[in-house]
Number of protein chains: 2
Amino acid sequence: MPAPSQFISYVDTHVDSFIQRLGEAVAIPSISASGVHRKDVFKMGSWLQHQLNALGVQTKSIDLGRHVMDGQDLPLPPVILGKIGNDSKKKTVLIYGHYDVQPAEKSDGWDTEPFTLVVEKETGRLIGRGSTDDKGPILGWLNVLEAHQKLGLELPVNLCFCFEGMEESGSQGLDELIISEAAKGNDGWFVGVDCVCISDNYWLNTRTPCITYGLRGIAYFKLTVSGPTRDLHSGAFGRTVHEPMTDLILLMSKLVAPDGTILVPGVDDMVSAASAEERSIYDALDYDIKDIEEAAGARIALSSDKATVLMGRMRSPSLSLHNIEGGASAKTWGMQRVLFTSTGFHRLVPPQTPEKVEPLVISYLQSEFAKLNSKNKLNIEDARGGLPWVSDYKHWNYEAAIKATEAVYKVKPDLTREGGSIPVTLTFAESLGVNVLLLPMGRGDDGAHSTNEKLDKSNFIEGTKLLGTYLYEVDAISV
Amino acid sequence: MPAPSQFISYVDTHVDSFIQRLGEAVAIPSISASGVHRKDVFKMGSWLQHQLNALGVQTKSIDLGRHVMDGQDLPLPPVILGKIGNDSKKKTVLIYGHYDVQPAEKSDGWDTEPFTLVVEKETGRLIGRGSTDDKGPILGWLNVLEAHQKLGLELPVNLCFCFEGMEESGSQGLDELIISEAAKGNDGWFVGVDCVCISDNYWLNTRTPCITYGLRGIAYFKLTVSGPTRDLHSGAFGRTVHEPMTDLILLMSKLVAPDGTILVPGVDDMVSAASAEERSIYDALDYDIKDIEEAAGARIALSSDKATVLMGRMRSPSLSLHNIEGGASAKTWGMQRVLFTSTGFHRLVPPQTPEKVEPLVISYLQSEFAKLNSKNKLNIEDARGGLPWVSDYKHWNYEAAIKATEAVYKVKPDLTREGGSIPVTLTFAESLGVNVLLLPMGRGDDGAHSTNEKLDKSNFIEGTKLLGTYLYEVDAISV
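Residues numbered from 1 in each chain as written. Chains lettered and ligands numbered in written order. Predicted model: local features only at pLDDT ≥ 70, side-chain atom pairs only at ≥ 80, totals over all residues. Heavy atoms only, no water.

Under an unreviewed UniProt entry, the name given to chain A is Peptidase M20 dimerisation domain-containing protein, and the source organism is Fibroporia radiculosa.

> Tell me about the overall build of chain A, residues and numbers included.
What chain A contains, in helices and strands, is 14 helices and 20 strands. What you see for chain A is a C-alpha radius of gyration of 24 Å, in line with the 23 Å of a compact globule of 479 residues. A principal-axis box enclosing the C-alpha atoms of chain A has dimensions of 80 × 55 × 50 Å. A buried classification covers 63% of the 479 residues belonging to chain A. As presented, chain A carries roughly 17400 Å² of accessible surface, and 51% of it is formed by carbon and sulfur atoms. Counting 46 positive and 62 negative side-chain charges, chain A places the averaged centre of each group 2 Å from the other. (Helix = DSSP H or I, 4+ residues; strand = E, 2+ residues; numbered from the N terminus. Rg over C-alpha atoms; globule rule 2.2 N^0.38 Å. Buried < 20%, exposed > 50% of the residue type's maximum accessible area, 1.4 Å probe, protein only. Areas by Shrake-Rupley, 256 points an atom, 1.4 Å probe, with all protein chains shown as cover. Lys, Arg positive; Asp, Glu negative; His and termini not counted. Charge placed at Lys NZ, Arg CZ, Asp CG, Glu CD.)

> An account of the pattern of salt bridges is requested, with residue identities and associated values reported.
Under the defined criterion, the tally for this structure stands at 46 salt bridges over all chains. Put simply, Lys184(A) and Glu181(A) hold a salt bridge, and the shortest N to O gap is 2.9 Å. A residue is classified by how much of its surface remains accessible, and Lys184(A), at 42% relative accessible area, is partly exposed. When the shortest N-O distance is used, the salt bridge between Glu278(B) and Arg315(B) registers 2.7 Å. Here Arg315(B) lies in the loop between α10 (306–314) and β13 (318–325) and Glu278(B) lies in helix α8 (residues 276–284), a separation of 37 residues in the sequence. Of the residues examined, Arg315(B) reaches a relative accessible area of 10% and is grouped as buried. Among the charged side chains, a network of salt bridges with common partners joins Arg125(A), Arg443(A), Asp445(A), Asp446(A), Lys454(A) and Asp456(A). (Salt bridge = Lys/Arg side-chain N within 4 Å of Asp/Glu carboxyl O.)

> Which residues make up the domain arrangement of chain A, and what values go with them?
Residue and element names in this part refer to chain A. Entries for chain A in the domain assignment read domain 1 (5–215 + 388–476) and domain 2 (217–271 + 316–386). For domain 1 versus domain 2, the distance between C-alpha centres works out to 36 Å. Between domain 1 and domain 2, the buried area comes to about 560 Å², and carbon and sulfur atoms account for 61% of it. The largest share of the area that domain 1 buries against domain 2 comes from Pro388, Arg417 and Ser421, three residues that together contribute 69% of it. For the interface between domain 1 and domain 2, the tally reads 0 salt bridges. One can count 1 residue pair in polar contact (both at pLDDT 80 or more) joining domain 1 with domain 2. When its residues are assigned to classes, the side of domain 1 that touches domain 2 shows 3 nonpolar, 3 polar and 1 charged. (Domains from an automatic or database assignment. Buried area = accessible area lost by both parts, 1.4 Å probe. Polar contact = N/O pair within 3.5 Å; in protein donor to acceptor, adjacent residues only side chain to side chain. Nonpolar A, V, L, I, M, F, W, Y, C, P; charged D, E, K, R; others polar.)

> Requested: an account of the sheet that holds strand β6 (residues 118–120) of chain B, with residues and values cited.
Residue and element names in this part refer to chain B. The strand order across the open sheet built from 3 strands is β6-β7-β20, with neighbouring strands paired in antiparallel fashion. For this open sheet the edge positions go to β6 and β20 (454–456), each flanked by a neighbour on one side alone. Each strand of the sheet is rotated relative to its neighbour by a mean of 25°, with strand direction disregarded. Most of the contacts of helix α14 (residues 457–476) go to β20, to which it runs at about 60°, and overall it touches β7 (125–127) and β20. (Pairing = 2+ DSSP bridges. Axes fitted to C-alpha atoms, helices over the stretch in contact; angles between N-to-C directions. Contact = heavy atoms within 4.5 Å.)

> Could you give an account of the packing of aromatic side chains, naming the residues involved and the relevant values?
All names here are of chain A. By the definition in use, this model includes 12 aromatic pairs over all chains. Taking the centre distance of 5.5 Å and the plane angle of 85° together, the rings of Trp203 and Tyr409 count as edge-to-face. Pair noted here: Trp203 is in the loop between β9 (195–198) and β10 (210–215) and Tyr409 is in helix α12 (residues 396–409), with a separation of 206 residues, a long-range link. No difference in accessibility class separates Trp203 from Tyr409, as the two residues are buried. Counting every residue linked through ring pairs, the aromatic cluster contains Tyr96, Phe190 and Phe428. Its end group placed over the ring of Trp189, Lys83 keeps NZ or CZ at 4.7 Å from the ring centre. (Phe/Tyr/Trp six-rings, centres within 6.5 Å; stacked < 30°, edge-to-face > 60°. Lys NZ or Arg CZ within 6 Å of the ring centre and 35° of its normal.)

> Run through the nonpolar core, naming residues and quoting values.
Counting residues in each nonpolar core, the largest one holds 90 residues, and the members touching the most others are Val93(A), Leu145(A), Leu159(A), Phe190(A), Phe428(A), Phe460(A) and Tyr470(A). Phe428(A) has contacts with Leu94(A), Tyr96(A), Cys162(A), Ile178(A), Val196(A), Ile198(A), Gly433(A) and Val436(A), leaving out every residue within four places of it along the chain. If you look at the next biggest cluster of nonpolar residues, it comprises 89 residues, including Phe161(B), Tyr409(B), Phe428(B) and Leu438(B). (Core = buried A, V, L, I, M, F, W, Y, C linked by side-chain atoms within 4.5 Å.)

> Break down the interface of chain A and chain B for me, citing the residues and quoting the values.
Listed as interface residues are 84 residues of chain A and, on the opposing side, 84 residues of chain B. Surface buried jointly by chain A and chain B totals about 7200 Å² across both partners, of which 57% is contributed by carbon and sulfur atoms. Joining chain A to chain B, the criterion identifies 2 salt bridges. Measuring nitrogen to oxygen at the nearest pair gives 2.8 Å for the salt bridge that ties Asp268(A) to Arg239(B). Along the contact surface separating chain A from chain B lie 26 residue pairs in polar contact (both at pLDDT 80 or more). Among the residues forming the side of chain A that touches chain B, the class breakdown is 34 nonpolar, 33 polar and 17 charged.

> Pulling in residues and values, what's your account of the packing of helix α4 (residues 135–151) of chain A against helix α14 (residues 457–476) of chain A?
All names here are of chain A. Contact geometry for α4 and α14: axes closest at 9 Å, N-to-C directions at 60°. In this structure, α4 crosses over α14, and the sense of that crossing is right-handed. Residues Gly136, Pro137, Leu139, Gly140, Trp141, Asn143, Val144 and His148 of α4 touch α14, and the partners they reach there are Phe460, Thr464, Leu467, Gly468, Tyr470, Leu471 and Tyr472. Here the contact of α4 with α14 is composed, by residue class, of 9 nonpolar, 6 polar and no charged. (Left-handed = near helix turned anticlockwise from the far one by under 90°.)

> Before we move on, could you go through the environment of Arg299(B) and cite the residues and values that matter?
Note on placement: Arg299(B) falls in the loop between α9 (289–296) and α10. Apart from the residues lying within four places of it in its own chain, the contact partners of Arg299(B) are Lys375(A) and Glu293(B).

> So what about the relation of the copies chain A and chain B? Which residues, and what values?
With an RMSD of 0.1 Å, chain A superimposes on chain B once it is rotated by 180° and translated 0.2 Å along the axis. Taken together, the rotation and translation describe the operation of a two-fold axis. By residue overlap, the copies meet face to face through one surface: 100% of the interface positions of chain A are interface positions in chain B. (Least-squares fit on C-alpha atoms with pLDDT ≥ 70 in both.)

> Hey, could you go over the packing of helix α1 (residues 5–13) of chain B against helix α4 (residues 135–151) of chain B for me, with residue numbers and the actual values?
For any two helices packed against each other, one specifies the inter-axial angle together with the distance between the axes. Residue and element names in this part refer to chain B. With their axes 10 Å apart at the nearest point, α1 and α4 run at an angle of 115° to one another. When the axes of α1 and α4 are compared, the crossing they make is right-handed. In this structure, α1 uses Gln6, Phe7 and Tyr10 to contact α4, whose residues at the interface are Val144, Glu146, Ala147, His148, Lys150 and Leu151.

> Describe the state of the cysteines, with residues and values.
A complete count under the given rule lists 0 disulfides over all chains for this structure. Cys195(B) takes part in no disulfide bond, and the closest cysteine sulfur to it belongs to Cys197(B), at a distance of 7.6 Å. (Disulfide = S-S within 2.5 Å.)

> How would you explain α14(B) if you had to name every residue and give the values?
Spanning 20 residues, α14(B) covers 29 Å between terminal C-alpha atoms, matching the ideal 28 Å at 1.5 Å per step. The element α14(B) is extensively covered by neighbouring structure, given that 15 of its 20 residues are classed as buried. (Expected span 1.5 Å × (residues − 1).)

In structure tokens, the structure reads:
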């Protein structure tokens, strides 16, 4: 059952006011990773709660307590829970989103002020931090609510909302809240939830809508090599002592090959090779090497074979080396600092788990470090692991989303797995025992987390229609 | 001819006022690497000129023009030139020193305020930024001048001074000034100079005075690996594109082994192995593995053989890997930045020169990068090279310094080469065509460039006697 035509018309005739509301949301710099901006995260939470209330949603602001970040003791932003509709004959859909954003400063390389939504006339791009990650999708839901309220239309399902303000900073406290509400059963906030819908990822390309049924997990390591207890001058000490930086660089060089192969024995082997049949799924996706090269801004794809590149992202683990902290600066003529740290993520796919991968990585690093015969010390921390997640895409929740996409976009959506991680997905799936669907609004080149983040106007508007239509399709399916 | 006993007594009875003057100098935070402190470098130059004038030295402040540092257009601190004595029957000694200092903030890990000279009663340590590098030695010369002025003693030689304010930031403009003054011959400031004495390095250990006749040179490289034109998320792009960080780490790992061996073909080979006779020189130095381990604060010496460690510092090239800039932070969940840079020094020894070493390093890096089969781009910059310097330690200038050391310290000094680089040494030697001597005041554990920089009171006081006595020994030698 497609959405009523009044709903579609309402969305088409309210584009300007929808964009204006998105501009209000983008203007609040709700950067969760910065202590200075914590008050703005709270402001954004209040703004969202006020909007929900005005649209008839009953809300609760859940205090998650305090935490320490960069040595600062800070209050955690609240989780905004919401409910509208309580008809036991209807299905209940749980919507998740996050109202915090990544840091952004114009000097990072933005062409415009990151916290002023710019509507680019020629391209229809809505440019601003949070436009696509994740304020645009949250506002898509507000648009759906507004249309129904203003038109006097009954919602086809009961809706339950869970909006957090710490997603970009590790979602602190959220898992505990979900698990504890779930454990309360009929007395918990999530009572009666039949399925979950999360709109916090992106199309594979810039053309074809997609629906996502898998995410990679994470294993995260921090290596510290320490030796001298003070900064040393490279002139006075060069070639007399074991240098931490030399050891650390050598150790890091043993982890991953330039072609992406993970050199830690046993890690790649854990994932079976794709059968010819499975490869054909990737071959069928609407995707071209050019898509990834346009998104990266350079012709640097690891392969010219589309299925290989897609499987690298969707069904293979990856290992990225991140920063080194504590290096010497050129200004001080090559002092070497006491301590070097390096961070790296392993992105995991089933059947990998942090528990299975971590011991392999740690023992490999220790044995490679031993081979260096260094008198420096190696310390390895592992933290913030997250399981990979793969859902059943034949579930009625996916069926509804596929039908809604076909109704709005007139094409069959790509069914994809994502390279990134959204740990809360698994928490919802496991603690509520229901199907979780990822229904993205934005395109593959939106640049979430990057400079000049954008959401295309057509994605915002058609995406709003998609979210509304999805609710009607959920209602229509007999379970 | 030892120094007159009145001179020695004057120094012994004026310890407190000498330390007070050092305190005044340390209190001026003349950090040349910081635009904010540029006015303090000028203040320090004026303070020094005023002191010299009060002690009877005729001075000139030489404007070196302006430069751009970190995007700021700044005036270069002046070179203070000085002269006292014009007796054609006497030798003329040129003294070099620098009145700027390294950056320092208490939060770097100092136990005391870096720009407040602290006299540690129990140990006699004079703690403060610049105490040993290089305000202490400059003030040693002021002490010598004061003693002679107050005692009405004639100086045994003519003195010529050259004090700069940019040594810690590349000595900009100094070489040009020296070369142009030297080219003026009899009309130049350095007319009649017979030898040069520089007090800007350290004893090998904490016990035995040393005299230094060699310094390593420098070849400096900056590697940039670039690929994506925007930041990428490690989830979405991990194992789909060539990652700059992976390439850079692998490339850096090819440069130097954990034992200090330089892996660039031809670089280590350029230096012939030490003969048994040459080894015996290093064996004879008053030095123990414990000395370097105490200075580094950890038992991380590359060898347990003393001569091997000393030769690593004094007669071998070294390669240190420094920082990586532009890496992703853990907070942004593993974004990889557009650009990674790495800096490294090669310290050179004769017969190596930047011109000989640079092409070897560049072609090796290019060929190793090609082996990675990466689609990213490598750029290599080489800059700020400096030649190694070795002097004739049988020259009368060294003879005088050795006699003065024996007179003051009652021991034979160690004759050493240094691992660091003082490019002006070579400029003086080449443009004036005279012998250059390095006569250090401080000890091997003074921590120049590090936190808690100090000069021992006994080194300040006996060092003042040494500088004065050296002038008498220079005078006494018939050339």
